[in-house]
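Results of the structural survey
Each chain, written out:
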Amino acid sequence: MSNDDLVNEVIDRLKDEGFLMITDDFIDQLIITLHANVTAINSLIEIVEVENQLLALRCALPTGNRQVESLKGLSTRIAEIAFNVEGVRDEQR
């Protein structure tokens with residue numbers, strides 16, 4: 001039996017028992033993607049905050065305050081997911 005056959009058999013048996021195997025490569029890519037999303041959202045937050053400052057200078061009512069708070073919450077939740085996934089990865093290793 002080759003290594004690939006053995007791995008496939010083990011994975012199939014684990015699936016039959018209700019366990020889900022996720023490869024390290026997939027988990028690593030997921031973590032990278034989650035952190036990239038946090039970075040992108042944080043950049044959007046900065047843009048909206050600058051826009052609000054510009055609107056305040058023009059004595060216009062800032063409309064992005066709710067947007068900033070929503071983006072901050074989203075960024076925090078995604079970061080928490082990324083750290084939880086990292087914890088799972090570390091436990092599996």
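Before going into details, it helps to say that this report is about the structure given with it. None of these values were measured; they are calculated from a predicted model.

1. Some words on the side chain of glutamate 86
With respect to the element layout, glutamate 86 can be found in helix 3 (residues 65-92). A polar side-chain atom of glutamate 86 sits 2.9 Å from a polar atom in the side chain of histidine 35. If sequence neighbours within four positions are ignored, glutamate 86 has contacts with Ile31 and His35.

2. Section: a nonpolar patch on the surface
Together, Ile22, Phe26 and Leu30 line one region of the surface with nonpolar side chains, adding up to about 250 Å² of accessible area. In this structure leucine 30 comes out as partly exposed when scored by relative accessible area, which is 31%.

3. Focus on the pattern of salt bridges
What the rule picks out here adds up to two salt bridges. Measuring nitrogen to oxygen at the nearest pair gives 2.6 Å for the salt bridge that ties arginine 13 to glutamate 9. Residue arginine 13 and its partner glutamate 9 are located together in helix 1 (residues 3-16), separated by four residues, close to a single helical turn. We classify arginine 13 as exposed; its relative accessible area is 55%. We classify glutamate 9 as partly exposed; its relative accessible area is 27%. Salt-bridge contacts for glutamate 49 lead to lysine 72; the nearest nitrogen and oxygen are separated by 3.5 Å. Residue glutamate 49 is found in helix 2 (residues 24-57), and its partner lysine 72 is found in helix 3; the two are separated by 23 residues along the sequence.

The rules behind each value
- Residues numbered from 1 in each chain as written.
- Predicted model: local features only at pLDDT ≥ 70, side-chain atom pairs only at ≥ 80, totals over all residues.
- Heavy atoms only, no water.
- Helix = DSSP H or I, 4+ residues; strand = E, 2+ residues; numbered from the N terminus.
- Polar contact = N/O pair within 3.5 Å; in protein donor to acceptor, adjacent residues only side chain to side chain.
- Contact = heavy atoms within 4.5 Å.
- Patch = residues over 30% accessible without salt bridge, like charges linked within 9 Å, V, L, I, M, F, W, Y side chains within 5 Å.
- Areas by Shrake-Rupley, 256 points an atom, 1.4 Å probe, with all protein chains shown as cover.
- Salt bridge = Lys/Arg side-chain N within 4 Å of Asp/Glu carboxyl O.
- Buried < 20%, exposed > 50% of the residue type's maximum accessible area, 1.4 Å probe, protein only.

Function-wise, these values are silent; they only describe arrangement.
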